[in-house]
Structures are given as C-alpha cells and as structure tokens.
Amino acid sequence: MRSDGSDPAVVAWVGLGGNWPQTPRLFQGALRRLQSQALVHKVVCSPLYLTEPVGPVCRQRWFLNGVIRIETGLGPRALLRLLHRIERSAGRNRKQERRWGPRGLDLDLLFYGARRICDRRLIVPHPRAHQRRFVLQPMVDLAPEWIHPGCGKTIDTLLQKVDDTHLTILWDGWARTLNRSNASRAATRTFFPDG
Ligand code: A4P
Ligand code: MG
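Rules used throughout
For every chain, the first residue of the written sequence is number 1, and numbering continues from 1 along that sequence. Chains and ligands are labelled by the order in which they are written, letters from A for the one and numbers from 1 for the other. pLDDT decides what is reported in this predicted model: residues at 70 or higher carry local features, side-chain atom pairs at 80 or more are listed and counted, and totals for whole chains, interfaces and linings draw on all residues regardless. In computing side-chain values, all of the structure's heavy atoms are included and hydrogens and water are not. Cavity: a set of points on a 1 Å grid over the protein atoms alone where a 1.4 Å probe fits but cannot get out. Pocket: an open set with protein on both sides within 12 Å along at least five of seven lines, its lining residues, like those of a cavity, having an atom within 4 Å of a point. Grid points are joined across faces, edges and corners, and a volume is the space filled by probe spheres set on the points. In this description a helix means any DSSP run of H or I spanning at least four residues, a strand means any run of E spanning at least two, and both kinds are numbered starting from the N terminus. Amino acids outside the nonpolar list (Ala, Val, Leu, Ile, Met, Phe, Trp, Tyr, Cys, Pro) and the charged list (Asp, Glu, Lys, Arg) are all regarded as polar, and Gly is one of them. A residue's pLDDT is simply how confident the predictor is in it, with values from 0 to 100. Contacts between residues were defined by any pair of non-hydrogen atoms, one from each residue, lying within 4.5 Å. In this description, a nonpolar core means a group of buried Ala, Val, Leu, Ile, Met, Phe, Trp, Tyr and Cys residues linked to one another through side-chain atoms lying within 4.5 Å. Only protein chains enter the accessibility calculation, which uses a 1.4 Å probe; a residue whose area is less than 20% of its type maximum is buried, one above 50% is exposed, and one in between is partly exposed.

(A) The layout of surface pockets, seen in detail. Estimates place the volume of the largest pocket at around 780 Å³. Around the largest pocket, the lining comprises 34 residues; the ones closest to its centre are Arg-103, Asp-106, Asp-108, His-126 and Arg-128. Where the lining of the largest pocket is concerned, the elements lending two or more residues are strand E1 (10-18), strand E4 (63-72), helix H2 (76-89), strand E5 (106-112) and helix H3 (133-142). Its residues assigned to classes, the lining of the largest pocket comprises 13 nonpolar, seven polar and 14 charged. The computed volume of the second largest pocket comes to approximately 170 Å³. Lining the second largest pocket, in full, are Arg-77, Leu-80, Arg-81, His-84, Asp-119, Arg-121 and Leu-122. Split into classes, the residues belonging to the lining of the second largest pocket amount to two nonpolar, one polar and four charged.

Put into structure tokens, the structure is as follows:
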C-alpha cells in the first residue's frame, strides 16, 4: 500500500451481466462510470455474448454477458463498493430480486490481480467464474493466458475443459448501441427472446 492509502495499480476483472431490455444501455453507463473514476484506468470491455440463463430460474430472458479489464488503485473492497454503487444507480434493488433471476446490471468482481480473498462480503476469485462459459468465453477474447489464481490454470485451458453446455452466442449489437442512441431498443427487440 502507498503512503496515501491507495494500492498500486492492479489488474482487475469485472463480470458484466444482465437481461433487461435496457441492459446494453446500462452496460454503456457502467463503462462510462468506471472510466470516470480517478483510481480506475485503462478500461477495456470484451465482446458481448448472448447467453442462455444458468441456474434454476429457467423462464427468463437470455442474458448479455461480457467482462471488463481495468487497472485500479482501489483496494478490492473499495472496488466492490464502487461496483455496487454503479449497480444501484442503474436501478438495481437486491431486495426485490430473486437470486439468479432477472436483473438489469450485475457487476461481479471476478479477479483482483492474483489475490485470493474470502470474507463475509467478498470472495475473489469469484467462486463460480471457472465453471461458467459466459465468463470464460469473453475473458478468452481479451486474455487467454490469464492464470486463475485459485487453480493455476489459464482461462483458455479452463474454457476448453468447462462442463457448462449453456449456449453462448457472440452478440453484434454492441457497436450499434454505442453509436446510435436508439439502437439498443432495436437490438434488444431482436436479441432478447422472451422466456
Ligand atoms: N459477493 C461476494 N463475492 C463477490 C464477488 N467476487 N463479486 C457478494 C460480486 N459480489 C460478491 O451477489 C450476492 C452477494 O455476493 C453480494 O452481496 C456480494 O457482496 P449479488 O450480485 O447480489 O447476487 P447474485 O448475482 O444473484 O448472486 P451471485 O451468487 O453472485 O450470482 P452470480 O454467480 O453472479 O450468478 N446466467 C447467465 N447466462 N448469465 C448471467 O450473468 N448470472 C447469474 C447470477 C445466474 N445465471 C446467469 C447469470
Ligand atoms: Mg452477482
């Protein structure tokens, strides 16, 4: 830790998920918020994927998923608090949600450098990251050689071995969402099949 209390820049990975019609716009807002933070640098977003819902809540829209790579001077808990603030400002209210059910914006802290943390509020690496195609696939697009600090395997190897058979389809609406203000509505009509 530095004398001013901040950590030197660490590469951290944030999972992006959501399955509301306005999710592409919420992703865009989350990226902007991250980019505007003084202690967050070099924000890079992976391609996005349209993904079949994983978990017991089957009758819900497909998700959009991706990952964001950042370099940050925030510590892991401060970063999680920032992610929660961004989720709340995107309209997320956990009290009204079902676990693994529909949400507009879910930001998970997947990796914080090579750190391993397990306390009441934060588990890093994210305990299910290595089991999920919707996390591994976009991470492979940006960093196939990243080593999962829990199991010592690269993300590429984990993706090749993963048991998860849920469909993960490259989504091509992102550029339109970023470039045209009403594109997300058109894109979500096409790409969010109703449960
Ligand atoms: N928490 C602990 N560690 C972390 C971490 N590394 N990152 C705590 C983020 N949060 C962490 O999370 C529950 C609590 O976990 C928080 O209070 C936080 O302090 P949550 O975001 O409120 O709830 P959740 O997301 O419903 O639960 P959970 O267990 O995090 O679920 P997952 O693993 O995020 O799964 N299918 C597809 N296709 N795509 C998806 O994105 N997402 C889920 C949710 C299920 N199925 C999905 C998808
Ligand atoms: Mg979550």
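Now that the structure is up, let's keep going.
(B) Molecular detail of the confidence of the model for the protein chain. Chain-level statistics for the protein chain give a pLDDT mean of 89 and a share of 85% at 70 or above. In the predicted structure, residues 181-195 sits below a pLDDT of 50 and forms 28 contacts with residues beyond four places in sequence or in another chain.

(C) Fine view of the nonpolar core. Leu-34, Ile-68, Leu-79 and Leu-105 are the most contacted members of the largest nonpolar core, which totals 32 residues. Elements supplying a minimum of two residues to this core: E1, helix H1 (23-35), strand E2 (40-45), E4, H2 and E5. Apart from residues lying up to four places away in sequence, Leu-105 is in contact with Leu-16, Gly-17, Leu-26, Phe-27, Ala-30, Ile-86, Glu-87, Ala-90 and Arg-92. Listed in part, the 17 residues of the second largest apolar core include Trp-13, Leu-110, Phe-134 and Ala-143.

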